Amino acid sequence: MRVLFIDIDTLRPDHMGCYGYGRNTTPNIDSVAREGVRFDRYYCSDAPCLPSRAALVSGTFGIKNGIVGHGGTAADRFSEATHRGFTDPRDTWNFHNIFRRAGLYTASVSTFSERHSAWWFQAGFQEIYNQGGQGMESGETILPYALEWLDRNREKDNWYLHVHFWDPHTPYRAPEEFGNPFENEELPDNWIDDEVFLQHKKHVGPHSANEIHMWDDQEFPQWPRYLGKLDSLSDVKRQIDGYDTGVAYADYLTGQIFFKLKEMGIYEETAIVITADHGENLGELGLYSEHATADEPCCHIPLIIKWPGCKQGYEDKELHYNVDLAPTMADLLQVAKADFWDGESMAANIQKGDKKGRDSLVLSQMAHVCQRSAIFGDWLYIRTLHDGFHLFDKEMLFNLRDDPHEQRNVKEQYPGICDKGARIILNWQEKALLESRQKQDPMWTVLNENGPYHTWGALDNYIKRLKETGREDGAEKLEEKYGKRDEKYEE
């Protein structure tokens, strides 16, 4: 058995051809989707990068494993205390060890562990290739490791190879020579018109149209696809072109791996899993080029599985979490599952086309904001405890069928739906805490440690910038909501 796991950072499914996007961004991945199962409603339980992969690899929600943020206590796993023996059971029973348990030789090409000091991610791998770029590299420096590994192991029958590309992630670093394949194409879903963009220019908070570079409009000559701010609709197109080019470049690199498998004569028999850690804000809620919310653009991720003997060209439309992938792989490989995993197996969906899924999902984001959201039916209900200085309402409700880009908060029209969403989150939270050994919600750790990591030490300078750029109203609202953290700008 050979398994190739393609891990593409920051990949929105609605910007992929096989998910209906109007640009030809992913022809190579699309071809795999035609040969396997495409999951249409698959979400990371915890966003962004570090919490998402912690959930996937541990098989548990962030509320249980402790990793919900990018810094401070909430960027590390809960201590297992006396439950930790000579080895930590979370490493012995993690996602990658599923493949070792099935008798496969395991290898990874990824810089993720070093970028986030997340060394637990390496547990289960027998070979690890760290290019050394800490996630700032582009994929042409990663691809040779994968191709060379395949060359050296062409005679082996049982292996699991994890390959991780960062290219759709900011700062949209696809090489200049790759060009812009979409320069002469309009945006397929051109929902950002003059009126919408005018509102975005008034938006307060990091990664808004005025501050793409989080808190300011700094630009970097080495990353020309990534603008410092957006002054016009043509800038919006150029920024989204940069993202789509990153997607297309990751697909191009992935296609080289598929070509290698075909050249070796093993493509047909190789199982392929393609997924991502999170998506990307591309104008939704007034944010651009970041993965900063617990909502559809950030938490909806692709999952495509081509598995020998399973369904082909099948579209699964049930609700699933990324934590569901661990028990799914265990079932497909016929190995034992951990009793502490939170996932529900999707193996029958892949093998027989069963319509087994969840009634609702709860999504969490605590690196940029403190939000929990509920997805149920057509509804997305968002509850915000720390808005990351975006001045979000405490409650937001969107009908994703009618309003996929979350432009109309309809909480006032549907209080009963809001109550249902809040109840879903509360019931999920209580169940998770009762099952957790720590009985501690790491969301409160984040709030007690001065809020989400990406807001630390930023407010005073940002308020000053708002006043200097004609957004005094936003500055006053932030001061009213959060108070003055520092008087040095009042001198």
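In what follows, the accompanying structure is described. What you are looking at is a predicted structure, and each value in this text was computed from that prediction instead of being measured. (Residues numbered from 1 in each chain as written. Predicted model: local features only at pLDDT ≥ 70, side-chain atom pairs only at ≥ 80, totals over all residues. Heavy atoms only, no water.)

Next up on the list: the overall build of the protein. Helix and strand content of the protein: 16 helices and 15 strands. Over its C-alpha trace the protein gives a radius of gyration of 22 Å, about what one expects of a compact globule, namely 23 Å for 491 residues. Out of the 491 residues in the protein, the part that is buried amounts to 61%. Of the contacts made within the protein by residues no fewer than 6 positions apart, 68% connect residues no fewer than 24 positions apart. Carbon and sulfur atoms provide 46% of the accessible area of the protein, an area that totals close to 19,200 Å². A gap of 5 Å separates the mean positions of the 54 positive and 81 negative side-chain charges of the protein. (Helix = DSSP H or I, 4+ residues; strand = E, 2+ residues; numbered from the N terminus. Rg over C-alpha atoms; globule rule 2.2 N^0.38 Å. Buried < 20%, exposed > 50% of the residue type's maximum accessible area, 1.4 Å probe, protein only. Contact = heavy atoms within 4.5 Å. Areas by Shrake-Rupley, 256 points an atom, 1.4 Å probe, with all protein chains shown as cover. Lys, Arg positive; Asp, Glu negative; His and termini not counted. Charge placed at Lys NZ, Arg CZ, Asp CG, Glu CD.)

Enumeration according to the criterion identifies 44 salt bridges in this entry. Note that Asp151 is salt-bridged to Lys260, the shortest N-O span being 2.8 Å. Residue Asp151 is found in helix α7 (residues 143-152), and its partner Lys260 is found in helix α9 (residues 233-263); the two are separated by 109 residues along the sequence. Using a relative accessible area of 34% as the deciding quantity, one classes Asp151 as partly exposed. Residue Asp403 is joined to Arg408 by a salt bridge in which the shortest nitrogen-to-oxygen separation is 4.0 Å. Among the charged side chains, a salt-bridge network with shared partners connects Arg77, Glu80, Asp88, Arg90, Asp91 and Arg437. (Salt bridge = Lys/Arg side-chain N within 4 Å of Asp/Glu carboxyl O.)

On to the environment of Gly36. Structurally, the position occupied by Gly36 is in the loop between α1 (27-35) and β2 (37-43). Counting along the chain gives 235 residues from Gly36 to Ala271, while the straight-line C-alpha distance between them is 9.5 Å. Dropping the residues within four chain positions of it, Gly36 is found in contact with Ile305, Lys306, Lys311, Gln312, Gly313 and Tyr314.

With that out of the way, let us pick up the nonpolar core. Counting residues in hydrophobic clusters, the biggest one holds 133 residues, and the most contacted among them are Phe95, Ile98, Trp307, Leu325 and Met329. Looking at this core, the element that brings in the most residues is α9, giving 10 residues. Contact partners of Trp307, with chain neighbours within four places excluded, come to Met1, Val3, Ala271, Met329, Leu332, Leu333 and Ile350. In terms of nonpolar packing, the next biggest core, distinct from the first, is built from 12 residues, Ala458, Leu466, Leu478 and Tyr482 among them. (Core = buried A, V, L, I, M, F, W, Y, C linked by side-chain atoms within 4.5 Å.)

In the contact formed by α1 and α9, the axes pass within 7 Å of each other and the chain directions differ by 55°. Classified by the interaxial angle, the pair formed by α1 and α9 is oblique. Facing α1, whose interface residues are Pro27, Asn28, Ile29 and Val32, α9 presents Asp251, Tyr252, Thr254, Gly255 and Phe258. Considered class by class, the residues forming the contact of α1 with α9 number 5 nonpolar, 3 polar and 1 charged. (Axes fitted to C-alpha atoms, helices over the stretch in contact; angles between N-to-C directions. Parallel < 35°, antiparallel > 145°, perpendicular 65-115°, else oblique. Nonpolar A, V, L, I, M, F, W, Y, C, P; charged D, E, K, R; others polar.)

For the rest of this paragraph, the subject is unusual backbone geometry. Cis geometry marks the peptide bond from Ala47 to Pro48; its omega dihedral reads 0°. Within the secondary structure layout, Pro48 lies in the loop between β3 (46-47) and α2 (49-58). Here Thr170 and Pro171 are connected by a cis peptide whose omega angle stands at 10°. Notably, Leu391 is not glycine yet its phi reads approximately 60°, a positive angle. Considering the arrangement of structural elements, one finds Leu391 in the loop between β14 (379-386) and β15 (395-399). According to the relative accessible area criterion, Leu391 is partly exposed, its value standing at 25%.

A few words on the packing of aromatic side chains. All chains considered together, the criterion is met by 25 aromatic pairs. Seen from their ring centres, Phe125 and Tyr160 are 6.0 Å apart, and the 5° between their planes marks the pair as stacked. Of this pair, Phe125 sits in the loop between α6 (112-116) and β5 (127-129) while Tyr160 sits in strand β6 (residues 159-165); the two residues are 35 residues apart in sequence, bridging distant segments of the chain. Owing to a relative accessible area of 9%, Phe125 belongs among the buried residues under this scheme. Ring centres of Tyr129 and Tyr145 lie 6.0 Å apart, and the angle between their planes is 50°; this geometry places the pair in the tilted category. One end of the pair, Tyr129, is in strand β5; the other, Tyr145, is in helix α7, and 16 residues separate them in sequence. A network of ring pairs unites the aromatic residues Phe5, Phe95, Phe99, Phe112, Trp120, Phe121, Phe125 and Tyr160 as a single cluster. Over the face of the ring belonging to Tyr105 we find Lys156, whose NZ or CZ atom lies 4.4 Å from the ring centre. Sitting above the plane of the Tyr267 ring, Lys262 keeps its charged end 4.7 Å from the centroid. (Phe/Tyr/Trp six-rings, centres within 6.5 Å; stacked < 30°, edge-to-face > 60°. Lys NZ or Arg CZ within 6 Å of the ring centre and 35° of its normal.)

Let's shift gears to the sheet that holds β15. Reading across from one edge, β3-β12-β13-β14-β15 is the order of the 5 strands in this open sheet, with mixed pairing throughout. Only two strands of the sheet have a single partner each, and these edge strands are β3 and β15. (Pairing = 2+ DSSP bridges.)

For Tyr381, the position within the fold is in strand β14. Looking at Tyr381, the relative accessible area reads 0%, which means it is buried. Along the sequence, Tyr381 and Asn399 sit 18 residues apart, while their C-alpha atoms lie 8.9 Å from each other. In this structure Tyr381 touches Arg372, Ser373, Ala374, Phe376, Glu395, Met396, Leu397, Cys418, Gly421, Ala422 and Ile425, once residues within four positions along its chain are discounted. Looking at Tyr381, its side chain comes within polar contact range of the side chain of Arg383, at 2.6 Å. (Polar contact = N/O pair within 3.5 Å; in protein donor to acceptor, adjacent residues only side chain to side chain.)

Burial analysis of β2 places 6 of its 7 residues in the buried class, which makes it a mostly covered element. Relative to strand β10 (residues 300-306), β2 runs antiparallel, the two being bridged by 5 bridges. Across the sheet, the residue bridging to Val37 is Ile305, located in β10. Alignment of β2 against strand β11 (residues 314-321), held across 6 bridges, turns out to be parallel. Bridge pairing in β11 places Arg41 opposite Leu319.

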